[in-house]
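Analysis of the macromolecular model
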Amino acid sequence: MKRKLLFFVFIIIGLLGKAQNKFGLSHGPYLQEVTNNGATFVFLTSNNSFSSVELKHIDSNESKLYHHTQHGLKDAYDTFYAIRVEQLQSGVTYQYRIHSKEIRSFEPYKVVYGDSITTQWYTFKTVDLKSKGGSIFITSDTHDDAKRLEKFLELCDYKTCDAFFYGGDVMSYIPTKETPFSSFIDSSVKMFATSIPFELVRGNHETRGKLARFFPELFPKKDGKIYGSYLLGDIMVVMLDCGEDKSDQHSVYAGLTDFDSYRTEQAEWLKKLVKTKEYRKAKYRIVISHFPLVVDERFKLEKIWEGWYDASAKFLPILNKAKVDLLVSGHTHRFLYHDISKSNNFPILEQGAICATRLDIANGRIKIKVIDYEGKVLLERTL
């Protein structure tokens, strides 16, 4: 009797183990860098696999499989996938789904596959360069609080937004590879990111910890940069990566940072960007930067903020000549609106942590609405 009971216990344990290890997607899919002619599909599988993206025009029955290939080899026996698809049509709606086969053994001349999965069809639309205006969600400084982020999205009526930007410090630091997902990626996937990408401007907290160098892998860009620009029809969004707020020589960085040179590199890129036809033709120009690029009295009183000062000193002179409409920032965990002044030729909004921002852009106007965590409207202004 005891042997039979023990036998059934082992069977149950075995079945439970198989159920827990069932092959599938562990995170995603989420979209990145959707342009007028391309998109990147990012996802993770629970076990090592061989994965692909199937894509088709929404009105077509014909589809095509895409893989990420390097040096003649398709990505395989991995859990992380970022598959870029190019040569799409502007302003067109597509459907996609993920196919993945578990790889249980990978020998030089023998690959053993396990379970296979195919996800549901998801829908997205490439950027229409002829579109006019749009609605943008922005927040920052949620510091690993996914529920806070979700509430901000709800308060800003995220289902009617065309683009989503996180202005940095959505994580306090990156202690494990699961942190970005539990902090904000999984919530974004649940709410919108299978169909609309989010763009992430790195904050100073995301530069910290042993896995900070892992950060760019999750948000791949064709040029390999973290900073950049995003064109949403006639709206140009410039995304600046400010680095750390303290000097590179500060003891807490242990000699492992070089943000001074990095900000100089960005300043040179920014000078070129604002002269491009793409930038000059844009009707609206929004800048997102984790630091408020202002001449702050704290720079004089507290020399510790040398990194923040350096970002302002290098970026502001360029932006002041670039006909910027609005700069949206975070970092300070406060709400503050800076009107045009001697130091800045455009308004600067400090938000995040306690609030989120929605921009409704149309007919030559930018309507700003800032909402706090309790649903109170902190600012409504039209530029």
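Predicted, not measured: the structure shown is a model, and the values here were computed from it.

**Quick word on the sheet that holds strand 18 (residues 348–350)**
In a beta sheet, neighbouring strands are held together by backbone hydrogen bonds and run either parallel or antiparallel to one another. Judged by pairing direction, the sheet is mixed, and its six strands sit side by side in the order 13-14-15-16-18-17 without closing on themselves. Two strands lie at the open edges of the sheet, namely strand 13 (228–232) and strand 17 (336–338), each paired on one side alone. Each strand axis lies, on average, 20 degrees off the axis of its neighbour in the sheet, ignoring direction. The pairing of strand 17 with strand 18 spans three bridges and is antiparallel. Paired with tyrosine 337 across the two strands is leucine 349, which belongs to strand 18. Running over the sheet, helix 5 (residues 259–273) touches strand 13 and strand 14 (235–240) and is turned about 170 degrees from strand 14.

**Topic: the sheet that holds strand 20 (residues 365–372)**
Taken together, the six strands give an open sheet; going across it, the order is 12-11-10-19-20-21, and neighbouring strands pair in mixed fashion. Strands at the two margins of the open sheet, each flanked by one partner only, are strand 12 (198–200) and strand 21 (377–382). Going from strand to strand, the sheet's axes swing by 15 degrees on average, the running direction of each strand aside. Bridging between strand 10 (residues 134–139) and strand 11 (residues 163–166) involves four bridges; their strand directions are parallel. For threonine 139, the partnering residue across the bridge sits in strand 11 and is tyrosine 166. Taken strand by strand, helix 2 (residues 146–155) contacts strand 10, strand 11, strand 19 (355–362) and strand 20, and its axis lies near 150 degrees from that of strand 10.

**Some points on the domain arrangement of the protein chain**
Here the domain parsing of the protein chain yields domain 1 (25–126) and domain 2 (134–382). If you average the C-alpha positions of domain 1 and of domain 2, the two centres end up 29 Å apart. Facing the 20 residues of domain 1 at the interface are 19 residues of domain 2. With both chains or domains summed, domain 1 and domain 2 bury close to 1,600 Å², and 54% of this area falls on carbon and sulfur atoms. Linking domain 1 with domain 2 are one salt bridge, by the criterion used here. As a salt-bridge pair, lysine 222 and glutamate 86 come within 3.3 Å of each other at their nearest N and O atoms. Put simply, the parts of the chain that give the side of domain 1 that touches domain 2 at least two residues each are strand 1 (25–32), strand 2 (39–57), strand 6 (78–85) and strand 9 (122–125). Here the side of domain 1 that touches domain 2 gets six residues from one element, more than from any other, and that element is strand 1.

**What to know about the pairing of strand 10**
Note on strand geometry: in a regular strand, side chains alternate between the two faces of the sheet. Of all six residues in strand 10, six are buried, a share of seventy percent or more. Burial along strand 10 is two-sided: Gly134, Ile136 and Ile138 facing one way and Ser135, Phe137 and Thr139 facing the other are all buried. With five bridges joining them, strand 10 and strand 19 adopt antiparallel strand pairing. Looking across to strand 19, one finds that phenylalanine 137 is bridged to arginine 358. Traced from strand 10 through helix 2 to strand 11, the parallel crossover comes out right-handed.

**Some thoughts on the packing of aromatic side chains**
Summed over the entire model, instances satisfying the criterion amount to 23 aromatic pairs. On the basis of an interplanar angle of 85 degrees and a centroid distance of 5.7 Å, the ring pair of tyrosine 166 and phenylalanine 184 is categorised as edge-to-face. On the criterion of sequence distance, the pair formed by tyrosine 166 in strand 11 and phenylalanine 184 in helix 3 (residues 179–193) is long-range, its members being 18 residues apart. Geometrically, the ring pair formed by phenylalanine 291 and tryptophan 308 is tilted, given 6.0 Å between the ring centres and 40 degrees between the ring planes. Here the residue phenylalanine 291 occupies a position in the loop between strand 15 (284–289) and helix 7 (297–301), and tryptophan 308 occupies one in helix 8 (residues 306–319), the gap between them amounting to 17 residues. Across the pair, exposure class does not vary: phenylalanine 291 and tryptophan 308 are buried alike. Among the aromatic residues, those joined into a ring-pair cluster are Tyr30, Tyr166, Phe184, Phe198, Phe215 and Phe219. Between the NZ or CZ atom of arginine 148 and the centre of the ring of tyrosine 373, over which it lies, the distance is 4.2 Å. For the cation-ring pair, lysine 151 lies above tyrosine 373, with the distance from its terminal atom to the ring centre recorded as 4.2 Å.

**Considerations on the pattern of salt bridges**
All chains considered together, the criterion is met by 20 salt bridges. Across the pair glutamate 265 and lysine 225 runs a salt bridge whose closest N-O atoms are separated by 3.3 Å. One end of the pair, glutamate 265, is in helix 5; the other, lysine 225, is in the loop between helix 4 (215–218) and strand 13, and 40 residues separate them in sequence. As a salt-bridge pair, lysine 246 and aspartate 245 come within 3.0 Å of each other at their nearest N and O atoms. Using a relative accessible area of 3% as the deciding quantity, one classes aspartate 245 as buried. Because the salt bridges share partners, they merge into one network encompassing Asp260, Arg263, Asp310 and Lys314.

**With respect to a nonpolar patch on the surface**
Taken together, the side chains of Tyr77, Phe106, Val111 and Tyr113 make up a nonpolar region of the molecular surface, amounting to roughly 360 Å² of accessible area. In this structure, phenylalanine 106 sits in strand 7 (residues 93–107). Here phenylalanine 106 falls in the partly exposed class, since its relative accessible area comes to 40%.

Parameters and conventions
Residues numbered from 1 in each chain as written. Predicted model: local features only at pLDDT ≥ 70, side-chain atom pairs only at ≥ 80, totals over all residues. Heavy atoms only, no water. Pairing = 2+ DSSP bridges. Helix = DSSP H or I, 4+ residues; strand = E, 2+ residues; numbered from the N terminus. Axes fitted to C-alpha atoms, helices over the stretch in contact; angles between N-to-C directions. Contact = heavy atoms within 4.5 Å. Domains from an automatic or database assignment. Buried area = accessible area lost by both parts, 1.4 Å probe. Salt bridge = Lys/Arg side-chain N within 4 Å of Asp/Glu carboxyl O. Buried < 20%, exposed > 50% of the residue type's maximum accessible area, 1.4 Å probe, protein only. Right-handed = clockwise from strand over helix to strand, strands pointing away. Phe/Tyr/Trp six-rings, centres within 6.5 Å; stacked < 30°, edge-to-face > 60°. Lys NZ or Arg CZ within 6 Å of the ring centre and 35° of its normal. Patch = residues over 30% accessible without salt bridge, like charges linked within 9 Å, V, L, I, M, F, W, Y side chains within 5 Å. Areas by Shrake-Rupley, 256 points an atom, 1.4 Å probe, with all protein chains shown as cover.

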